[in-house]
Amino acid sequence: MLFLVALGYHQGSAQDKGVFSGGVEMNINYFQRDSLIGAIGTPQYDSTDVIDHYGGELWVTLNYRIKGWEFSARGDVFQNSNLRDPNGSYSGIGLGRLSVSKRWDRLEISLGHIYDQIGSGLIYRAWESRPLFIDNALLGGAIKYDLTDYLKVRAFAGKQKWIFGVNPGEISGIALDGFFSFGTESPLTISPGIGFVNRRKDQVTVDELVDVVRNYIGDERIELGYNNQAYSLYNTLTYKNITWYSELALKGLETFRDPTALQTEVTGVRTFGKYVRERGSVIYNSISFARKGLGITVEVKRTENFNFRSDPTLGLNLGLINFMPPMNRQNTYRLTARYSPATQDLSEMAYQFDVSYKFNRKLSANVNYSNIKTLDGTTLYREYFTEWVYKQKRKWQLSGGVQIQNYNQEVYEVKPEVPLVKTITPFAEFLYRFTRKKSLRIETQYMNTDQDFGSWLFAQVEVGLAPHWIFELSGMYNSDPNENSSSVPRDPETKEVLNILYPTVGVTYIYHSNRFNLRYVKQVEGIVCSGGICRLEPAFSGVRMSFSSTF
Amino acid sequence: MKSIISFTLIIVVILFSGCREYPIEIPPPKEVISNRVVLIEELTGVSCPNCPAGAEKVEALLFDYPDNVVAVAVHGKFLSKPLDVSTYDFRNQEAEDLENSFKPWLGKPAAAINRVHFPDYDFQAVDDVDLWRSYVEQELEKDNELVLELSQNFDESTRELVITAKATPVITESGNYRIGVVITEGDIVDAQLDQGMILPAYVHNHVFRTMLTDIEGDPFTTSWTQNEPIEQQFTFTVPTSEDGLWNTNHLEVVAFISRVDGDRNEVMQAAKVKVEG
């Protein structure tokens, strides 16, 4: 790689020096044990060696582009990191990405770690989400060819990346994407596409599955195969102010683990969880209408048996070949984002409406409704959300609204015997600009609920001294802790539930494209999501430092 | 335009014509004949909704390999807190230490099988219950290196339990070898979470009660000479308990010999014996 970069630079130096770019992202955490809030039980908290209380990650990306060539390399460092397993510690160093691509007129060839997706990702998405320790790049090759200016075909093959190695199995695929406009005067355009992905299991995985399935009794035995195919037909239709994206994805007979299926053991006892072999499907539609001041979006998605992994024995967020778009509003406030639903790949019927309207230059509003159920009708998630924003020129801005949620914690967080979490969360935010450079932002939310931890009050004050400094102070207060919850901190002696304040103090320094952030944090356990993929993170207590830079 | 349509049609036909794949033949269940006895240390808990399924996998292994598998159910800390309706609390510091010694693992149930870190699995404690059987069978297929005989003598009046472990090697080898001795208790009827339900009268078996050695085992010998047995005795006074635990009719002694090799401490042979007066 270095040779190629050097070669490219050498060649480029005579005529064209090319473009060099990159980025750095670093996190350093200091874990300060706090048994009261549950910040215990991980190596970073419990180790007697103080050096083990520090952990972090570093990603350094370098890109070089010259004469149609593009070289990318990324070094990844994990030291005592809790990203891979929020309850564990992971250390490792290596090349996280190495790729080269070259474009010749209509043809582009890529080798190495390749990120791409077909359609909305229902059958294939190679992507990265650092907060969730997901990096599903394809290690292999890809070819793209422009058949015409409006019709492009691409094909790829390789293995799915896993940390510094690869997951078992081979993935290959092909996609054809088009764009058609019906005359220069016509308001109608379509962007159809078709995709196909094949996943071939390796012999070790097949042997593992054979060893499991051979012990299934009678009718519960299933067939196994090496290959599994997924197909997708998708299209974006644009007509005047309307955009309609639709996608149908189908998956052939595939072996996957269904945690709700019953298996009979040789002892005669039936237990939950076994491998099944089923076909899968997803239908996804999103229709948007936009007119001056008005935006309406309606989304519908039906998912059945669409677990698609590089290795069917993998669970959680591991080995995912595809990506399911989330069907709820992506909230940003601390309490409105506290309960967020992960997409369900085996059984989900979801829809969402979103309406935004700008009454005038000062006043605008947003209303959102989402509803997610299993295919047999069990409520998973429901949210009503409304927000009003009033802008007084550039001087100040006031926004506020309310969110009402139902959240199936038993399913999303695998917490047995817990009731549906029902919340009502009013919120408000005030932004005041003293001068062009000095601003004050205050936000507050109150979540009323009788479930999980009980009710919360959150407030944050943020002072901005542009262009360099942002200071923040916030607190999340368990104002009415739930007596029946086993998660709520209790007095060690009286066993009474405690009203705990989880404070955060932080400062951010920005210089050009460099951003440095230092925060002292006490944080309750909660869900961390990225685009509908979520995981439960334990409580955190300590100091977080982050640095990011692009060049 | 014609070429585009033709090309598109060809692609569609190719993609949707489908690939017929002949299924893999699934053989009947394995029946491994072995002189080895494999130790399963199952990380479990009464608040763990998936753990009954794990426990049942262990029972299925004991059903198929009654003389070749011994089990210890470790109720450490994670998901082990008693339920509101629980009568007993199976947690203790030794169980927690033992559970922690297998970290990292991603969840429960998980099981350490002969304390081997299998090369095709990320962690020593395997949290995919479907793989337990194949790993147990892999261990059973290995050559047996020693015979471990366990005997006990229990005095009901003093509640003193004398355990004798006799290890007879079939190899000659030098190294660092350890012995571990665990007391387990079975037939304990108490609540257990199972998915979204509480099973009020669940039968807990192989529950880790105490360990008479260090959790890594105590030093046993530094060399084996073929057919020359080595014996060690352990004495333990079984506690009396008003809550019904430490029932001497339901106690079992589990012992194992392990080979220390760098970071590894893999079990060579295990054995069990019921406590009987």
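Residues numbered from 1 in each chain as written. Chains lettered and ligands numbered in written order. Predicted model: local features only at pLDDT ≥ 70, side-chain atom pairs only at ≥ 80, totals over all residues.

*Asks:* Can you tell me about the overall build of chain B, naming the residues and giving the values?
*Replies:* For chain B, the count of helices and strands is 4 helices and 14 strands. Overall, chain B is about 95 × 55 × 35 Å in size when its C-alpha atoms are taken along their principal axes. Relative to its full complement of 277 residues, chain B shows a buried share of 42%. For chain B, restricting intrachain contacts to residue pairs at least 6 apart in sequence, the fraction spanning at least 24 positions comes to 70%. (Helix = DSSP H or I, 4+ residues; strand = E, 2+ residues; numbered from the N terminus. Buried ≥ 20, exposed ≤ 12 C-beta atoms within 10 Å, placed from the backbone. Contact = placed C-beta atoms within 7 Å.)

*Asks:* Please give an account of the overall build of chain A that cites residues and values.
*Replies:* Summing up its helical and strand segments, chain A has 4 helices and 32 strands in all. The principal-axis extents of the C-alpha atoms in chain A amount to approximately 75 × 65 × 55 Å. Look at the contacts in chain A between residues 6 or more apart in sequence, and 56% of them connect residues 24 or more apart.

*Asks:* Run through the domain arrangement of chain A, naming residues and quoting values.
*Replies:* Entries for chain A in the domain assignment read domain 1 (1–98 + 511–521 + 540–551) and domain 2 (331–499). Just the C-alpha atoms count here: the centres of domain 1 of chain A and domain 2 of chain A sit 30 Å apart. (Domains from an automatic or database assignment.)

*Asks:* Kindly report on the interface of chain B and chain A, identifying the contributing residues and their values.
*Replies:* Counting from both sides, the interface comprises 38 residues of chain B and, opposite them, 41 residues of chain A. Broken down by secondary-structure element, the contributors of at least two residues to the side of chain B that touches chain A are helix 1 (2–17), helix 2 (51–64) and helix 4 (132–140) of chain B. Among the residues forming the side of chain B that touches chain A, the class breakdown is 23 nonpolar, 4 polar and 11 charged. (Nonpolar A, V, L, I, M, F, W, Y, C, P; charged D, E, K, R; others polar.)

*Asks:* Break down the sheet that holds strand 12 (residues 230–237) of chain B for me, citing the residues and quoting the values.
*Replies:* Within a beta sheet, neighbouring strands are joined by backbone hydrogen bonds and run either parallel or antiparallel to one another. All names here are of chain B. With antiparallel pairing, 3 strands are arranged side by side in an open sheet as 5-6-12. The open sheet is flanked by strand 5 (146–155) and strand 12, the only strands paired with a single partner. Going across the sheet, the axis of each strand differs from the next one's by a mean of 15 degrees, ignoring polarity. Inspection of the sheet shows strand 6 (residues 160–169) paired to strand 12 by 8 bridges, in the antiparallel sense. For Leu-161, the partnering residue across the bridge sits in strand 12 and is Phe-236. (Pairing = 2+ DSSP bridges. Axes fitted to C-alpha atoms, helices over the stretch in contact; angles between N-to-C directions.)

*Asks:* Before we move on, could you go through the confidence of the model for chain B and cite the residues and values that matter?
*Replies:* All names here are of chain B. When pLDDT is averaged across chain B, the result is 90; 92% of the residues are at 70 or more. Summarising per-element confidence for chain B, the mean pLDDT is lowest in helix 1 (60) and highest in strand 2 (residues 69–75) (97). Interface confidence for the predicted complex, expressed as ipTM, amounts to 0.76; the pTM equals 0.83. (pLDDT = per-residue confidence, 0-100.)

*Asks:* Summarise the nonpolar core; cite the residues concerned and give the values.
*Replies:* Side chains of a nonpolar character, in soluble globular proteins, are inclined to be buried together. If you look at the biggest cluster of nonpolar residues, it comprises 70 residues, and the most contacted ones within it are Ile113(B), Ala255(B) and Ala270(B). Residues Leu122(A), Ala142(A), Leu320(A) and Ile321(A) belong to the second largest nonpolar core, which totals 28 residues. (Core = buried A, V, L, I, M, F, W, Y, C linked by C-beta atoms within 7 Å.)

*Asks:* Explain the pairing of strand 28 (residues 501–511) of chain A residue by residue, including any values.
*Replies:* Residues and elements named next belong to chain A. Pairing analysis gives 9 bridges linking strand 27 (residues 469–481) to strand 28, with the strands arranged antiparallel. Across the sheet, the residue bridging to Ser-474 is Thr-504, located in strand 28. Pairing geometry for strand 28 and strand 29 (residues 514–523), over 8 bridges, is antiparallel. Paired with Thr-504 across the two strands is Val-521, which belongs to strand 29. Counted along the chain from strand 28 to the antiparallel partner strand 29, the turn is 2 residues long, and its residue His-512 has a positive phi close to 55 degrees.

*Asks:* Can you lay out unusual backbone geometry for me, pointing to particular residues and giving the numbers?
*Replies:* Note that the residue after Ala466(A), namely Pro467(A), is joined by a cis bond; omega there is 5 degrees. One can find Pro467(A) in the loop between strand 26 (454–465) and strand 27. The residue after Lys108(B), namely Pro109(B), is reached through a cis peptide bond having omega 0 degrees. Mapped onto the elements of the fold, Pro109(B) is located in the loop between helix 3 (93–101) and strand 3 (110–113). The phi dihedral of Asp105(A) falls on the positive side, at around 50 degrees, and the residue is not glycine.

*Asks:* A description of the environment of Val203(B) should follow, citing residues and the corresponding values.
*Replies:* Residues and elements named next belong to chain B. With respect to the secondary-structure elements, Val-203 resides in strand 9 (residues 197–204). In this structure Val-203 comes out as partly exposed when scored by C-beta crowding, with 13 C-beta atoms within 10 Å. For the pair formed by Val-203 and Gly-186, sequence separation is 17 residues and the distance between their alpha carbons is 7.8 Å. Apart from the residues lying within four places of it in its own chain, the contact partners of Val-203 are Asp-187 and Val-189.

*Asks:* Describe in detail helix 2 of chain B, supporting the description with residues and values.
*Replies:* When the terminal C-alpha atoms of helix 2 of chain B are compared, their 20 Å separation across 14 residues agrees well with the 20 Å that a helix rising 1.5 Å per residue should span. As for helix 2 of chain B, its buried residues are in contact with strand 18 (270–291) of chain A together with strand 1 (38–44), strand 2, helix 4, strand 8 (188–194) and strand 9 of chain B. (Expected span 1.5 Å × (residues − 1).)

*Asks:* Before we move on, could you go through helix 3 (residues 203–213) of chain A and cite the residues and values that matter?
*Replies:* Here helix 3 of chain A has its buried residues at Thr205(A), Glu208(A), Leu209(A), Asp211(A), Val212(A) and Val213(A). Close packing links the buried residues of helix 3 of chain A with strand 17 (242–264) and strand 18 of chain A together with helix 4 of chain B.

*Asks:* Can you lay out the environment of Gly293(A) for me, pointing to particular residues and giving the numbers?
*Replies:* Residues and elements named next belong to chain A. Within the secondary structure, Gly-293 is located in the loop between strand 18 and strand 19 (294–304). Of the residues examined, Gly-293 has 12 C-beta atoms within 10 Å and is grouped as exposed. On a C-alpha basis, the gap between Gly-293 and Ser-99 in space is 44 Å, while along the polypeptide they are 194 residues apart. Excluding anything up to four places from it in sequence, Gly-293 contacts Tyr-357 and Lys-358.

*Asks:* Kindly report on the confidence of the model for chain A, identifying the contributing residues and their values.
*Replies:* Per-chain confidence: chain A averages 90 in pLDDT, with 96% of residues scoring 70 or above. Across residues 1–14 of chain A, confidence stays below pLDDT 50; counting only partners more than four residues off in sequence or on other chains, it has 16 contacts.

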